[in-house]
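Listed below, chain by chain, are the residues.
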Amino acid sequence: MPEAPIVLAAQGLRKAFASPAGPLVVLRSVDLTVRAGESVSIRGSSGSGKTTLLQLLGGLDVADAGAADFLVPGRGLVPARRNLGKGVGFVFQNYQLMPELTALENVLLAARITGGSADAAEARALLEAVGLGARLGHLPAQLSGGECQRVAIARALINRPSVLLADEPTGNLDEATGAEVMRLLLQVVKERGTALVLVTHSREFAARTDHQWVLSNGALSPA
Ligand SMILES: Nc1ncnc2c1ncn2[C@@H]1O[C@H](COP(=O)(O)OP(=O)(O)OP(=O)(O)O)[C@@H](O)[C@H]1O
Ligand SMILES: [Mg+2]
């Protein structure tokens, strides 16, 4: 069987931040390849550069050296930094929902911002897929943390990204809620054939992904 197409490719990513003591090198040389539908986990101690790496992979920040590309259907692999939001979806630890918008509006806003073709029916279907069919009109303040994160997962998927980047998506949730959100996350990406890069501190969650990496000393190595 031919290998699935590459949806995310990083080569030689380097990133340093200025600090009073001189440049703080966070990523020395990171290589990562993710193929369509694959799930990948990245663990690493606090401050090892996991969030920095996800931001480079998704085009939210720019590397000092190296390349980060992702697949935009119809266009092939494109540089992450000039195509923010086009081929990737993000899920953050603290949900990052718009407080004045309902669950449904939060999901739809993501479609409108990128000019995508997704409509209200699709947003509703995604919210139903994450178990929130009865919460469409709720504001974030009227939802539990786990429910907010499920809205964020639906929002991340509305533009049909090739890859979803999730930064400690269960970090703010209690153990049982986190396990349920993780189960849903893994289920919806599998159903939709979306690749997943999951940053997590949990060995248990990491073990459920296809490929496991650890970030330390500015580079990825197999877990
Ligand atoms: N904008 C910035 N300016 C300066 N230093 C930064 C900046 N962003 C991150 N850093 C530093 O880079 C290092 C890596 O940060 P990062 O947030 O990527 O770590 P992390 O692995 O995600 O940690 P955690 O598990 O706590 O979320 C940290 O030492 C942090 O202080
Ligand atoms: Mg982080």
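A brief structural summary. (Residues numbered from 1 in each chain as written. Chains lettered and ligands numbered in written order. Predicted model: local features only at pLDDT ≥ 70, side-chain atom pairs only at ≥ 80, totals over all residues. Heavy atoms only, no water.)

### Some thoughts on the overall build of the protein chain
A count of helices and strands for the protein chain gives six helices and 10 strands. Expected size for 223 residues packed as a compact globule is a radius of gyration near 17 Å; at 17 Å, the protein chain falls within 12% of this value. Seen through its C-alpha atoms, the protein chain measures out along the principal axes to roughly 50 × 40 × 40 Å. Split into buried and exposed, the 223 residues of the protein chain put 48% on the buried side. When contacts within the protein chain are restricted to residue pairs at least 6 apart in sequence, those whose partners lie at least 24 apart make up 69%. Summing over all exposed atoms, the protein chain offers an accessible surface of approximately 10,500 Å²; the carbon and sulfur share of this is 51%. Put simply, the protein chain has 21 plus and 20 minus side-chain charges, and the middle of one group is 4 Å from the middle of the other. (Helix = DSSP H or I, 4+ residues; strand = E, 2+ residues; numbered from the N terminus. Rg over C-alpha atoms; globule rule 2.2 N^0.38 Å. Buried < 20%, exposed > 50% of the residue type's maximum accessible area, 1.4 Å probe, protein only. Contact = heavy atoms within 4.5 Å. Areas by Shrake-Rupley, 256 points an atom, 1.4 Å probe, with all protein chains shown as cover. Lys, Arg positive; Asp, Glu negative; His and termini not counted. Charge placed at Lys NZ, Arg CZ, Asp CG, Glu CD.)

### A few points about the sheet that holds strand E9 (residues 211–216)
Read across the open sheet, the six strands follow the order E6-E7-E8-E3-E9-E10; overall the sheet is mixed. Strand pairing shows two members of the sheet lacking a second neighbour, strand E6 (88–91) and strand E10 (219–222), which therefore form its edges. Going from strand to strand, the sheet's axes swing by 25 degrees on average, the running direction of each strand aside. Sheet analysis places strand E7 (residues 163–167) next to strand E8 (residues 195–199), joined by five bridges and oriented parallel. Residue pairing across strands places Ala166 opposite Leu198, the latter belonging to E8. Its contacts with the sheet place helix H1 (residues 50–58) against strand E3 (39–43), E6, E7, E8, E9 and E10, and it is angled at close to 155 degrees to E7. Sheet strands touched by helix H4 (residues 145–157): E6 and E7. Its angle to E6, the strand with the most contacts, is close to 170 degrees. (Pairing = 2+ DSSP bridges. Axes fitted to C-alpha atoms, helices over the stretch in contact; angles between N-to-C directions.)

### Examining the pattern of salt bridges
Applying the stated criterion across every chain yields a total of six salt bridges. Taking the shortest distance from any N to any O, the salt bridge between Arg35 and Glu3 comes out at 3.4 Å. Linking Arg35 in strand E2 (residues 24–35) with Glu3 in the segment before strand E1 (6–17), this pair joins segments that are 32 residues apart in sequence. Among the residues examined, Arg35 registers a relative accessible area of 21% and is labelled partly exposed. The class for Glu3 is exposed, based on a relative accessible area of 61%. Here Glu204 makes a salt bridge to Arg208, at a shortest N to O gap of 3.8 Å. Among the residues examined, Glu204 registers a relative accessible area of 55% and is labelled exposed. Exposure remark for Arg208: the relative accessible area of 38% places this residue in the partly exposed category. (Salt bridge = Lys/Arg side-chain N within 4 Å of Asp/Glu carboxyl O.)

### With respect to the packing of aromatic side chains
In the structure shown here, the tally under the stated rule is one aromatic pair. Plain terms: the ring middles of Phe90 and Phe92 are 5.5 Å apart, the flat faces sit at 5 degrees to each other, and that makes the pair stacked. Classification of Phe90 by relative accessible area gives buried; the value is 14%. (Phe/Tyr/Trp six-rings, centres within 6.5 Å; stacked < 30°, edge-to-face > 60°.)

### Remarks on the packing of H4 against helix H5 (residues 175–192)
Two elements in contact, H4 and H5, have axes separated by 10 Å at closest approach and are oriented at 15 degrees. Overall, the two elements H4 and H5 adopt an arrangement that is roughly parallel. When you trace H4 past H5, the crossing you get is right-handed. Here Gly146, Gln149, Arg150, Ile153 and Leu157 of H4 come into contact with H5, specifically with Thr177, Val181, Leu184, Leu185, Val188 and Arg192. In terms of residue class, the contact of H4 with H5 is made up of six nonpolar, three polar and two charged. (Parallel < 35°, antiparallel > 145°, perpendicular 65-115°, else oblique. Left-handed = near helix turned anticlockwise from the far one by under 90°. Nonpolar A, V, L, I, M, F, W, Y, C, P; charged D, E, K, R; others polar.)

The quantities given are spatial measurements derived from coordinates; they are silent on function.
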